[in-house]
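Take a look at the letters that make up each chain.
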Amino acid sequence: SNTQTAPFTVSTDKANTRLRGRVVNGENNNPLSGIVVKLDTAAVTTGTDGLYDLPAQPGRRIFSVDGRNVGFALIVSHRDILSGINQESDFFLPTAPIEEKGTPASQTQKMILTNPDAPGVVLELQPASVKNLDGTQYLGKIVLLQVEMGPNITFLPKGLEPDVLILVQPGGLIFNPVGLLTAPNTVGYPEGAILDLWGHNPTTGIIEKHGKGKVVG
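The rules behind these values
Residues numbered from 1 in each chain as written. Predicted model: local features only at pLDDT ≥ 70, side-chain atom pairs only at ≥ 80, totals over all residues. Heavy atoms only, no water. Pairing = 2+ DSSP bridges. Helix = DSSP H or I, 4+ residues; strand = E, 2+ residues; numbered from the N terminus. Axes fitted to C-alpha atoms, helices over the stretch in contact; angles between N-to-C directions. Phe/Tyr/Trp six-rings, centres within 6.5 Å; stacked < 30°, edge-to-face > 60°. Buried < 20%, exposed > 50% of the residue type's maximum accessible area, 1.4 Å probe, protein only. Core = buried A, V, L, I, M, F, W, Y, C linked by side-chain atoms within 4.5 Å. Contact = heavy atoms within 4.5 Å. Polar contact = N/O pair within 3.5 Å; in protein donor to acceptor, adjacent residues only side chain to side chain. pLDDT = per-residue confidence, 0-100.

Draft legend 1. Region of the structure containing the sheet that holds strand S13 (residues 141–146). Strand order in the open sheet made by the three strands is S9-S13-S14, with antiparallel pairing throughout. The sheet is open, and its two edges are formed by strand S9 (103–104) and strand S14 (166–169), each paired on a single side. Pairing of S9 with S13, which is carried by two bridges, proceeds in the antiparallel orientation. Directly across from proline 104, in S13, lies its bridge partner lysine 141.

Draft legend 2. Representation of the sheet that holds strand S10 (residues 111–113). What the three strands build is an open sheet, ordered S10-S11-S16; its pairing is antiparallel. The strands lining the two open edges of the sheet, one partner per strand, are S10 and strand S16 (180–182). The sheet shows a mean angle of 15 degrees between the axes of neighbouring strands, taken without regard to direction. Of the pairings in the sheet, the one linking S10 to strand S11 (residues 122–125) comprises three bridges and is antiparallel in character. Each bridged residue has a counterpart across the sheet, and for isoleucine 112 the counterpart in S11 is glutamate 124.

Draft legend 3. Molecular detail of the packing of aromatic side chains. For the structure on display, the rule yields two aromatic pairs. Note on phenylalanine 63 and phenylalanine 91: the rings are 5.9 Å apart at their centroids and 65 degrees apart in plane angle, and the pair reads as edge-to-face. Here the residue phenylalanine 63 occupies a position in strand S6 (residues 59–66), and phenylalanine 91 occupies one in strand S8 (residues 85–93), the gap between them amounting to 28 residues. As far as burial versus exposure is concerned, phenylalanine 63 and phenylalanine 91 are alike and both buried. Ring pairing ties together the aromatic residues Tyr52, Phe63 and Phe91, which thus form one cluster.

Draft legend 4. The nonpolar core, seen in detail. Core analysis: the biggest nonpolar cluster contains 29 residues, and Val23, Val37, Phe63, Val65, Leu93 and Phe155 have the highest contact counts within it. Listed by contribution, the elements that provide at least two residues to this core are strand S2 (18–25), strand S3 (36–39), strand S5 (51–55), S6, strand S7 (74–81), S8 and S13. Excluding anything up to four places from it in sequence, phenylalanine 63 contacts Leu19, Val37, Lys38, Leu39, Tyr52, Ile75, Val76, Ser77, His78, Arg79 and Phe91.

Draft legend 5. The environment of aspartate 196, seen in detail. Looking at the element boundaries, aspartate 196 is found in strand S17 (residues 194–201). Aspartate 196 sits in the partly exposed class, given a relative accessible area of 39%. Polar contacts involving the side chain of aspartate 196 include one to the side chain of lysine 212, which spans 2.5 Å.

Draft legend 6. Main features of the pairing of S13. In this sheet, S14 lies alongside S13 in antiparallel orientation, the contact comprising four bridges. Paired with leucine 145 across the two strands is leucine 167, which belongs to S14.

Draft legend 7. Up close: the confidence of the model for the protein chain. On average, residues of the protein chain score 86 in pLDDT, and 90% of them reach the 70 mark or higher. Here strand S1 (residues 8–10) stands out as the least confident element of the protein chain, with mean pLDDT 49; strand S4 (residues 42–45) is the most confident, with 97.

Structure below.
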């Protein structure tokens, strides 16, 4: 299932359904200020308490939490909103040192992305393959992050517990053609094993199965 769950309260005012919560540092749970939180086109910037409060129309909505301006990740996901049901939840945002450790997107050279904080993880991208959602070329930097799984990872669908979780930041990018991702076999799968690869669809905000991977050593 791709449905995400969150604590909720029932509102007697069905015309004023809200999505509320707090954005916190994924490493120490401290509230984060200066984070832009959006639900479709409605947007708010968190203050020192990290709180956000947005109007929510019923249906599946694109939900994004953007901390790039303060050194954190941009996560794009979705929320299923029911009329009269106010969702309330914390959002744990990982750090993302894009400018410090990122690799510039190249229009002419193959890109090999690595990160010393994610040993053995390599992403190979073809020249001019990194694009924004509107189809224009992305000209900034890209960074790979390996995130530890745990209860603070709230942006994955319920029940999805990957052995390895890799974030490519900033979020919301399109890779055409797709990149080649290599990651260490830390679980010890046998050579030749075929594994599911899940990824984020930046258009819908849904994390879905993107293909297969093969253990080669």
